[in-house]
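Chains, contacts and geometry: an overview
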Amino acid sequence: PPTSIDVGGALFVDKYCDVKIKGMSSGKPSVQSGSCFDQTRPTFGRRPGAHAVSDAPVPKYAATTQSHLWPTPKPTTDRFLRKGDGARVKSGELFATRGGLGNSRTTGLESGTSVSIMSGSRSTPIAPPRANAFGKRDNPPDTQFRKFYERGDLPVAVMSASKNTINWKVDVDKLDYHHYLPIFFDGVREKEDPYRFLAVKGVEDMLRSGGAKILPVIPQLIIPIKTALNTRDPSVVCIVLQLLQKMVVSAELVGEALVPYYRQILPILNVFKNKNVNLGDGIDYAQRKRRNVGELVLETLQLFERYGGEDAFINIKYMVP
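If you're wondering where the values come from, they're calculated on a predicted model, not measured in any experiment.

Definitions and limits used
Residues numbered from 1 in each chain as written. Predicted model: local features only at pLDDT ≥ 70, side-chain atom pairs only at ≥ 80, totals over all residues. Heavy atoms only, no water. Core = buried A, V, L, I, M, F, W, Y, C linked by side-chain atoms within 4.5 Å. Buried < 20%, exposed > 50% of the residue type's maximum accessible area, 1.4 Å probe, protein only. Contact = heavy atoms within 4.5 Å. Axes fitted to C-alpha atoms, helices over the stretch in contact; angles between N-to-C directions. Helix = DSSP H or I, 4+ residues; strand = E, 2+ residues; numbered from the N terminus. Parallel < 35°, antiparallel > 145°, perpendicular 65-115°, else oblique. Left-handed = near helix turned anticlockwise from the far one by under 90°. Nonpolar A, V, L, I, M, F, W, Y, C, P; charged D, E, K, R; others polar. pLDDT = per-residue confidence, 0-100. Salt bridge = Lys/Arg side-chain N within 4 Å of Asp/Glu carboxyl O. Phe/Tyr/Trp six-rings, centres within 6.5 Å; stacked < 30°, edge-to-face > 60°. Lys NZ or Arg CZ within 6 Å of the ring centre and 35° of its normal. Polar contact = N/O pair within 3.5 Å; in protein donor to acceptor, adjacent residues only side chain to side chain. Arc of directions from axis to C-beta.

The next thing to look at is the nonpolar core. Phe184, Phe185, Met206, Met247, Leu258, Leu266 and Phe304 are the most contacted members of the largest nonpolar core, which has 62 residues in total. In this structure, Met206 is in contact with Trp168, Val172, Leu175, Tyr177, Tyr180, Leu181, Phe184 and Ile214, ignoring residues within four places of it in sequence.

At a minimum axis separation of 10 Å, helix H6 (residues 195–210) and helix H8 (residues 234–248) run at an interaxial angle of 15 degrees. As far as their axial angle goes, H8 and H6 are roughly parallel. For the crossing formed where H6 meets H8, the hand is left-handed. The residues of H8 that touch H6, namely those facing Arg196, Val200, Val203, Glu204 and Leu207, are Ile239, Leu243, Lys246 and Met247. Split by residue class, the contact of H6 with H8 holds six nonpolar, no polar and three charged.

Reading predicted coordinates in detail is not appropriate for stretches of low pLDDT. Averaged over every residue, the pLDDT of the chain is 77; residues scoring 70 or more account for 78%. Counting contacts from residues 96–125, a segment whose pLDDT is below 50, to residues more than four positions away or on other chains yields 51 contacts.

A word on the pattern of salt bridges. A pair can form between side chains of opposite charge whenever their charged atoms are brought close. Under the criterion given, the structure shown has eleven salt bridges. For Asp142, the salt bridge is made with Arg189, and the minimal N-O distance between the two is 3.0 Å. Taken as a pair, Asp142 in the loop between strand S5 (122–125) and helix H4 (144–151) and Arg189 in the loop between helix H5 (177–186) and H6 lie far apart in primary sequence, 47 residues in all. What makes Asp142 partly exposed here is its relative accessible area of 23%.

Our next topic: the packing of aromatic side chains. For the coordinates displayed, the defined rule picks out six aromatic pairs. A centroid spacing of 6.0 Å and a plane angle of 90 degrees characterise the contact between Tyr149 and Tyr195, whose relative ring orientation is edge-to-face. With Tyr149 in helix H4 and Tyr195 in helix H6, this pair connects stretches of sequence that are 46 residues apart. Looking at Tyr149, the relative accessible area reads 25%, which means it is partly exposed. Of the residues examined, Tyr195 reaches a relative accessible area of 12% and is grouped as buried. The ring of Tyr195 carries the charged tip of Arg146 above its face, separated from the ring centre by 4.2 Å. The ring of Phe148 carries the charged tip of Arg151 above its face, separated from the ring centre by 4.8 Å.

Note: α-helices contain 3.6 residues per turn, so residues at a spacing of three or four share the same orientation. When you tally the buried positions in H5, you get eight out of ten residues, the bulk of the element. Listed in full, the buried residues belonging to H5 are Tyr177, Tyr180, Leu181, Pro182, Ile183, Phe184, Phe185 and Asp186. Among the structural elements, H4, strand S6 (156–158), strand S7 (166–168), H6, helix H7 (218–230) and H8 are those in contact with the buried residues of H5.

Position of Tyr262 among the secondary structure elements: in helix H10 (residues 262–272). In the structure, Tyr262 is positioned 50 residues away from Ala312 in sequence and 9.1 Å away in space, judged by C-alpha atoms. When neighbours within four sequence positions are excluded, Tyr262 is seen to be in contact with Gly255, Pro267, Phe304, Ala312, Asn315, Ile316 and Met319.

A word on the environment of Glu150. Here Glu150 lies in helix H4. You can call Glu150 partly exposed: its relative accessible area is 27%. Residues Glu150 and Tyr195, spaced 45 residues apart in sequence, show a C-alpha to C-alpha distance of 9.6 Å. Within polar-contact distance, the side chain of Glu150 engages the side chain of Tyr195 at 2.5 Å.

Of all the positions in H10, only Tyr262, Ile265, Leu266, Ile268, Leu269 and Phe272 are classed as buried. The buried residues of H10 occupy an angular sector of 155 degrees when projected down its axis, which confines them to one face. Turning to H10, the residues buried within the fold contact H7, H8, helix H9 (254–257), helix H11 (293–307) and helix H12 (312–319).

It is worth spelling out the side chain of Asp186 at this point. Mapped onto the secondary structure, Asp186 falls in helix H5. A distance of 2.7 Å separates a polar side-chain atom of Asp186 from the backbone nitrogen of Gln144. When sequence neighbours within four positions are dropped, the list of residues in contact with Asp186 reads Thr143, Gln144, Phe145 and Pro224.

Right under this line is the structure:
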């Protein structure tokens, strides 16, 4: 079943194949960190999943016509017709030779006519700014997991062995889940190793050994999960969805405890629900790597409905129609 897949171990295998076999770039280490030992530029003012401010020109809304219109340029003294301007207006040459007319915007009067900028003798259409719903958002390396790990406050270390495991300094079932599980979930959105591997593998081990300790910690996990999903990074979203699947089946009543928090979790799932790989009659040989966001969203919603109780379906359809 999908919930038995080693998510943390697959990260090392996939990265090795991408870098050593396919020749892909391993990525540059981050120059910013929230660690108290970091000597690089700080991450103040950056927020995970923040909306990027667009510099694209936008028309102004006119309340009288209830439509968006480009503001007309302020008239100047040189904006009058001279002898021979009629033919030049028809050819568009006038807009290239007269000062102030080169940047004038004209709006179409008929329905379906696009807004355009007259530049020289050509008319360049201006489309509305892209929503960029699938674009990656800001993901600064300022997680609590990175800070605690570099400070030596986490009882984990990378085990140098043939298997991709971590070395716990204490028994996992004796940990304080209210303290450690939210920290490990916060590190899931990390993109660098060993932080990403330790966080993902630590969450898997704690979910496997937690039992009844997981249910009381569910409210503390919502903000780290929402923050990781809001980055809209496909690599991060895929990891979070797989960990959500493991968490739902990890203990009793966990699926039902997540129902009140669907408003925080499901909006991003609604964005990526149709982001599939359309190969026609081809075969996706990389499906074992579980990088298809659309399939992971479908599997996660099915598990939410199965383990969420009688109120799960109506709440899922409310957020993901």
